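Each chain, written out:
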Amino acid sequence: MKKLSVRLRITLLYTFFMTVLTAASLFLLFSLSSREVLTSTGAELEEEVHESVEELTIQNGEVRVDSDFYSLEKGVYLALYDEQGYFLYGRVPYGFDVQPEFEAGNLRKLNDRQKKWFVYDQFFKVDGENAVYVRGVTSITDVEEKFYVTMRIALLSLPLMLVVTVLAGFYFTGRTLLPVKQMTSAVKKIREEENLSGRIGLEGHGRKDEIYVLAETFDEMLAQVERLFRREKQFTSDVSHELRTPVSVILAQCGALLEDETLTDRQKEQIDLIRKKASGMAEMISELLFLSRADEGRQTLHKERLNLSELTEMAVEEQKLLAEEKGLCRTFELQIAPEVYARADESYYIRLLVNLLENAVYYGKENGVVKVTLAKNGKKIEGIVEDNGIGISEEDLVHIWERFYRADSARSTDSHSGLGLSMVKWIVEAHGGTIRAESRLGEGTRFIFEIPE
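Since the structure is predicted, the reported quantities are computational estimates derived from the model, not experimental observations. (Residues numbered from 1 in each chain as written. Predicted model: local features only at pLDDT ≥ 70, side-chain atom pairs only at ≥ 80, totals over all residues. Heavy atoms only, no water.)

Draft legend 1. Region of interest: the packing of helix α6 (residues 346-362) against helix α8 (residues 420-430). For the pair α6 and α8, interaxial distance at closest approach is 9 Å and the crossing angle is 145°. Here α6 and α8 pass one another in a crossing that is left-handed. Contacts from Y348, R351, L352, N355, L356 and N359 of α6 reach α8 at G420, L421, M423, V424, W426, I427 and V428. Looking at the contact of α6 with α8 residue by residue, the classes come out as 9 nonpolar, 3 polar and 1 charged. (Axes fitted to C-alpha atoms, helices over the stretch in contact; angles between N-to-C directions. Helix = DSSP H or I, 4+ residues; strand = E, 2+ residues; numbered from the N terminus. Left-handed = near helix turned anticlockwise from the far one by under 90°. Contact = heavy atoms within 4.5 Å. Nonpolar A, V, L, I, M, F, W, Y, C, P; charged D, E, K, R; others polar.)

Below is the structure:
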């Protein structure tokens, strides 16, 4: 039951209660109707007998009946008897072989040859002299059979009613839950596109039920969240711009002080430390401005047909030299196919490689290996940067594209702000490509990106 959709569950519950209600109603109806039918049949029999006196006349001193006396009204057979009980006129139903004593004004039930009968006798005096009995007979068995036929038809139609109930319930439940489906589709689209400006937009349909109120509330919440994100982006952009100037001044002053011959080695060492920290801040500010412009759609790409093989080899060679300068012993293995061309932005592509290579160098182990692969895969260019370093846990792997996210202390260094992979993801997607990461803790990490050629 838990695996069934809400629509199907509501339909099944609706069908169950409708089935119980219908069955109970039919049972009650048939129980009451059975008695009512018999009561009505007896009343009709008495009525026909009493009305038959109008069809009696006296001719030549004898009682006569007109032709209507022989008609079979409402299944009632009428017979005329004299005062001694001798049959004079009328009709007796086939199979009614008994001749009970006359009991005027008494409705009786008789059984004969597996049939049940209603018998009603009435005593009349025609013209005040000629006394006769009028007997009315009707078959209870025939009435019950007709009733049972109706009951069987009703019972046989019950499955059809259930099918109609299920289909109608499923249809109308679907119509009722259609706004929920629209809400789900709208929310999925907003989540997939990461576009907080999207709205469910169910208002204006002339309905104000709970579902539509929920949709309007959700739209209001989205609008509020969007405003908060805009403020955050604006704050990040403003702060980054404001910090650029003082950090630039700090770097310039540190450079000037380091050229002062009057400073002691200890003082120069402290100033150099300040310069390194300020340089790290400058790089972070640059990355923040980059992402801020990207969020606002102000980062534009200048694509041209580039030889990615040459650019990749250049980026690897540069990182190899930087690693050696910092005393990081790494072996670079290249599997770069020659003459791999694609339309790309040169500066952004280089920044993409630099960020991935820096990660591989810094988070690789001593004497570790950094593998770089570039090849054409159909109509796409596939690049892979892989290290055999500390790796990333499965829990952290899904968060690595988030800004300022750091998996753990082992992957946190002073020279990395946690913005590099966010930039990488934006660059790849801006080129119409995709990127994914594969990693095992303690074994290494692999980044695979694909961009169209």
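From this point on, the discussion continues.
Draft legend 2. View of the pairing of strand β1 (residues 56-59). Sheet topology places β1 next to strand β2 (residues 62-65); 4 bridges connect them, and they run antiparallel. Considered in β2, the bridge of L56 is made with V65. In textbook terms, the turn of a hairpin is the stretch between consecutive antiparallel strands, and for β1 and β2 this stretch comprises 2 residues, one of which, N60, has a positive phi near 55°. (Pairing = 2+ DSSP bridges.)

Draft legend 3. Inspection of the environment of E129 at higher detail. Assignment of secondary structure puts E129 in the loop between β6 (115-126) and β7 (130-139). According to the relative accessible area criterion, E129 is exposed, its value standing at 68%. Distance in space between the C-alpha atoms of E129 and L289 is 126 Å, their sequence separation being 160 residues. (Buried < 20%, exposed > 50% of the residue type's maximum accessible area, 1.4 Å probe, protein only.)

Draft legend 4. The packing of helix α5 (residues 308-325) against α6, seen in detail. Their axes nearest at 10 Å, the elements α5 and α6 cross at an angle of 40°. One way to sum up the angle between α5 and α6 is to call them oblique. At the point where α5 passes α6, the crossing takes the right-handed sense. Residues L308, L311, T312, A315, V316, Q319 and A323 of α5 form the contact with α6, whose participating residues are E346, Y349, I350, L353, V354, L357, E358 and V361. Among the residues forming the contact of α5 with α6, the class breakdown is 11 nonpolar, 2 polar and 2 charged. (Parallel < 35°, antiparallel > 145°, perpendicular 65-115°, else oblique.)

Draft legend 5. Molecular detail of the nonpolar core. Core analysis: the biggest nonpolar cluster contains 43 residues, and L308, Y349, L352, L356, L357, I400 and F449 have the highest contact counts within it. Per-element accounting of this core gives the leading share, 8 residues, to α6. If sequence neighbours within four positions are ignored, L356 has contacts with V385, L421, V424, F447 and F449. Grouped together as the second largest cluster of nonpolar side chains are 17 residues, L45, V49, F69 and V134 included. (Core = buried A, V, L, I, M, F, W, Y, C linked by side-chain atoms within 4.5 Å.)

Draft legend 6. Fine view of the sheet that holds strand β11 (residues 368-377). Ordered by their spatial adjacency, 5 strands build an open sheet running β9-β11-β12-β14-β13, and the pairing between neighbours is mixed. On the outer flanks of this sheet lie β9 (330-336) and β13 (434-440), each paired with one strand and no other. Sheet twist, expressed as the mean angle between neighbouring strand axes with direction ignored, is 10°. Pairing of β11 with strand β12 (residues 380-387) involves 8 bridges; the strand directions are antiparallel. Along β12, the bridge assignment pairs L374 with G383. α5 contacts β9, β11, β12 and β14 (444-452) of the sheet and is inclined by roughly 180° relative to β9. Seen against the sheet, α6 touches β9, β11, β12 and β14 and runs at an angle of roughly 170° to β14.

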